[in-house]
Amino acid sequence: SDRRGSSDDMVGSVSLKFDSTHGKNAEIRLSLPAAGFLRITYSLDVADAEPAAGRPKNVVVRKEIRKMPRDEQQRFAAALLKTMENKHGPQTSEYARIAGYHGWPSDYCHHGQETFPGWHRGYLCDLEQALIKADKELGNDGNIGLPYWDWLEAEVKGEVFPEILREKFPDLPKDLVDEKKAGSLGRRGYKRLRDSDRRLKKEMQKSRVRFQVEQCLSVAEHWMHASTRFNRQSYSVESPHNSMHLALGFPMTSVRYAAFHPIFFLHHCNVDRIYEKHVQMETPEECAHEFASRQRQLSEEGEPNRFKEPLDPFDHPLIPGRALMPVDTLYTERLGYVYDELPPTPAMQMREEPVFAAFRKVNVLDLEYKSYMLHVFIVPKGGAPGWAAPAGGPDVWEDNNNYAGCGAVFGGKGDDCCNCKMREPYNVLVEVQETLQRLQLSRHEAELRVICEDEEGELIALEETGVPKPVIVGPLFEDKQSNLTGSSKGDAAHGEVYQLQVVLRRYGYYPTTSQLDGVYGPITEEAVKSFQEFSGLKQDGIAGPKTKELLLTPRNDTHPDKLEKTSK
């Protein structure tokens, strides 16, 4: 109760003012008029903090580069070239300063973390503000936004790769970097950039980037959408991002040097646009809540709470001296920009559960700074002992009947990078269902073959890369309508019986002392009968459609239905 003015009121009211939204724990000591002191311990949780308020006066509109009028394209290119002017010797331009944040020479990295889209959003704003300043220095009004390259629409006005970039930036601009210190970028420049429209279009089709975007927009949870860290058997916005980096060739294939080509920022602007679609579908408030909750949970497990940490090295683009916080990045208008249009909402589709070639637990520290495009082929089990990659190389592999597609591993910066050392291993997925159907193979009758293409376009065996060998993963039962019995034979049946044994053991029916062997013998039949008894089904020992359906029914917990009997 309010007792100000009463005889026992020794303090009155106290006002606490916070000048930052950074997470804080602190203490205040107040001397009391009578005797002693009052200690106030407080904590500010930015999960409840609001982003910087207010609508800026000038909000720029980001547009698709190939759809912009020619004069707007030229104006953007002129401002970009202005940012590349050195102040005092090589690699002293505004563009070089900004490009260097991504991988070289600076150590800022948020790949594989929930902050991935937010950090890059701050990154894009930094360049956008530099473009606005450059535009004004060129005598214009500064009403210029950073364009995006919508690779979801492969071809616009006869262009795949933006022609204005091919025209204005045919090679690495002179003295943009110190070539003696810039490693492979200094030696090769832009010569290996894959800006051929025909080749680039094929790479995008092989990577199925449109499908990946549709899938990542179908994921409701912010933490699952935002990075590869949590995509156990789904896609995040980082997945098509990685695929496009690899599709474009060097320097876009290199974490260290990618940002030194302007296409990097137009590509990332499109990734940001896809992320904005997710935020608008789920609402910024819901995304902030999910973001804060997940990071709080991870912090309880010993990780940094990334929702409470500033997105270094960026300040809020419109509030000088104010650190950019993750919650700020959920409101683009308050950061000074909007998009002319967002990607369409994915149509709700009934489709079979996908079957993937899964490269599980890719550890960026094992990659030794390299990136890889993983080309996946399907062959019959045991039917290709001397298999070799088809002739012609990646340009023509898409036409090969056994070619299933490709996945991207966008490498890290090794031990030089703090985030790379902390980052959890992640999965790379390539959907192979269509190829299995084309070859008329069950996934249990198939094997995978992989050829890797490194960041400079060289073909390398998987065993030499540090990327784990893939496995085929998919729904628990490939055929939900067939009967599994003691007479079930063949690789497909063996695989299905193995899956049956796995789920029966999970629920306490298949003994832990018995081997998971894929053979429908007496132990498996007895386990099926026990499950049928528990579920109120006819106890015939046949795993048919109804038994499979009940085994697949979602459960509220993972506890066994039936504990195994133990001898006393």
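Residues numbered from 1 in each chain as written. Predicted model: local features only at pLDDT ≥ 70, side-chain atom pairs only at ≥ 80, totals over all residues. Heavy atoms only, no water.

## So, the side chain of Ser93
Heads up, the condition is: What counts as a helix is a DSSP run of H or I of at least four residues, what counts as a strand is a run of E of at least two, and both are numbered from the N terminus. It only takes one pair of heavy atoms within 4.5 Å for two residues to be counted as in contact.
Tracing the sequence through the fold places Ser93 in the loop between α1 (70–83) and α2 (94–99). Among all residues touching Ser93, those that are not within four sequence positions of it are Thr83, Met84, Glu85, Asn86 and Leu176.

## Digging into the confidence of the model for the chain
The condition that has to hold: Summary of the metric used: pLDDT quantifies the predictor's per-residue confidence within the range 0 to 100.
For the chain, the average pLDDT comes to 89, and 88% of its residues sit at 70 or higher. Between residues 1–25, whose pLDDT stays under 50, and residues either more than four places distant or in other chains, the model counts 36 contacts. Throughout residues 43–48 the model reports pLDDT below 50, and contacts reaching past four residues in sequence, or to other chains, amount to 18 contacts.

## What about the packing of aromatic side chains?
What counts is decided by this rule: Only centres within 6.5 Å qualify two rings of Phe, Tyr or Trp (six-membered ring in Trp) as a pair; their planes then separate them into stacked at under 30 degrees, edge-to-face at over 60, and tilted for everything else. Each residue gets one of three labels from its accessible area relative to the maximum for its type: buried under 20%, exposed over 50%, partly exposed in between, using a 1.4 Å probe on protein chains only. For a Lys NZ or an Arg CZ to count as sitting over a ring, it must be within 6 Å of the ring centre and within 35 degrees of the ring normal.
Enumeration over the complete set of coordinates arrives at 25 aromatic pairs. Ring plane angle 70° and centroid distance 5.7 Å describe the contact between Trp104 and Tyr257, whose orientation is recorded as edge-to-face. Taken together, the residues Trp104 in the loop between α2 and α3 (116–137) and Tyr257 in the loop between α9 (238–247) and α10 (263–282) connect sequence positions 153 residues apart. The class of Trp104 is buried, set by a relative accessible area of 13%. On the basis of relative accessibility, which here comes to 6%, the residue Tyr257 falls in the buried class. Every member of this aromatic cluster is reached through a ring pair, and the members are Tyr95, Tyr101, Tyr108, Trp119, Tyr123, Phe264, Phe265 and Phe314. Positioned over the ring face of Tyr507 is Arg506, at 6.0 Å from the centre of the ring. The ring of Phe477 carries Lys548 above its face, with NZ or CZ at 5.4 Å from the centroid.

## So, the sheet that holds strand β8 (residues 426–431)
Here is the rule we go by: For two strands to count as paired, DSSP must find a minimum of two bridges between them. Angles run from 0 to 180 degrees between N-to-C directions of axes, and those axes are lines fitted to C-alpha atoms, restricted for helices to the stretch in contact.
If you trace the 3 strands from one edge of the open sheet to the other, you get β8-β5-β11, paired in antiparallel fashion. In the strand order of this sheet, the two ends are held by β8 and β11 (471–473), each with one partner. Strand after strand, the sheet turns through a mean of 35° between neighbouring axes, direction not considered. Sheet topology note: the strand β5 (residues 356–362)/β8 ladder contains 5 bridges and is antiparallel. Within β8, the residue paired with Ala358 across the bridge is Leu429.

## A word on the environment of Ala77
Residue placement: Ala77 occurs in helix α1. With 88 residues separating them along the chain, Ala77 and Leu165 place their C-alpha atoms 7.8 Å apart. For Ala77, the contacting residues outside a window of four places in its chain are Ile164 and Lys168.

## Considerations on the sheet that holds strand β6 (residues 372–380)
Within the open sheet, the 4 strands sit side by side as β7-β6-β9-β10. Their pairing is antiparallel. Each edge of the open sheet carries a strand with a single partner, namely β7 (403–409) and β10 (459–461). Looking at each pair of strands side by side, their axes are set apart by 35° on average, direction ignored. Sheet analysis places strand β9 (residues 446–454) next to β10, joined by 3 bridges and oriented antiparallel. What sits directly across from Cys452, in β10, is Ile460. Packed onto the sheet, helix α6 (residues 197–207) meets β6, β7 and β9 and runs at close to 95° relative to β7.

## Concerning the state of the cysteines
The following threshold applies: Here, the term disulfide refers to a pair of cysteine sulfur atoms separated by no more than 2.5 Å.
Applying the stated criterion across every chain yields a total of 0 disulfides. Between Cys125, a free cysteine, and Cys269, which holds the nearest cysteine sulfur, the sulfur-to-sulfur gap is 9.1 Å.

## Quick word on the pairing of β8
The buried fraction of β8 amounts to 6 of the 6 residues, a majority that puts the element mostly inside the structure. With burial as the criterion, each face of β8 is covered, one bearing Tyr426, Val428 and Val430 and the other bearing Asn427, Leu429 and Glu431.

## Observations regarding helix α7 (residues 209–216)
For α7, the full list of buried residues reads Val209, Phe211, Gln212, Val213 and Cys216. Contact partners of the buried residues in α7: α6, α8 (222–226), α9, α10 and β8.

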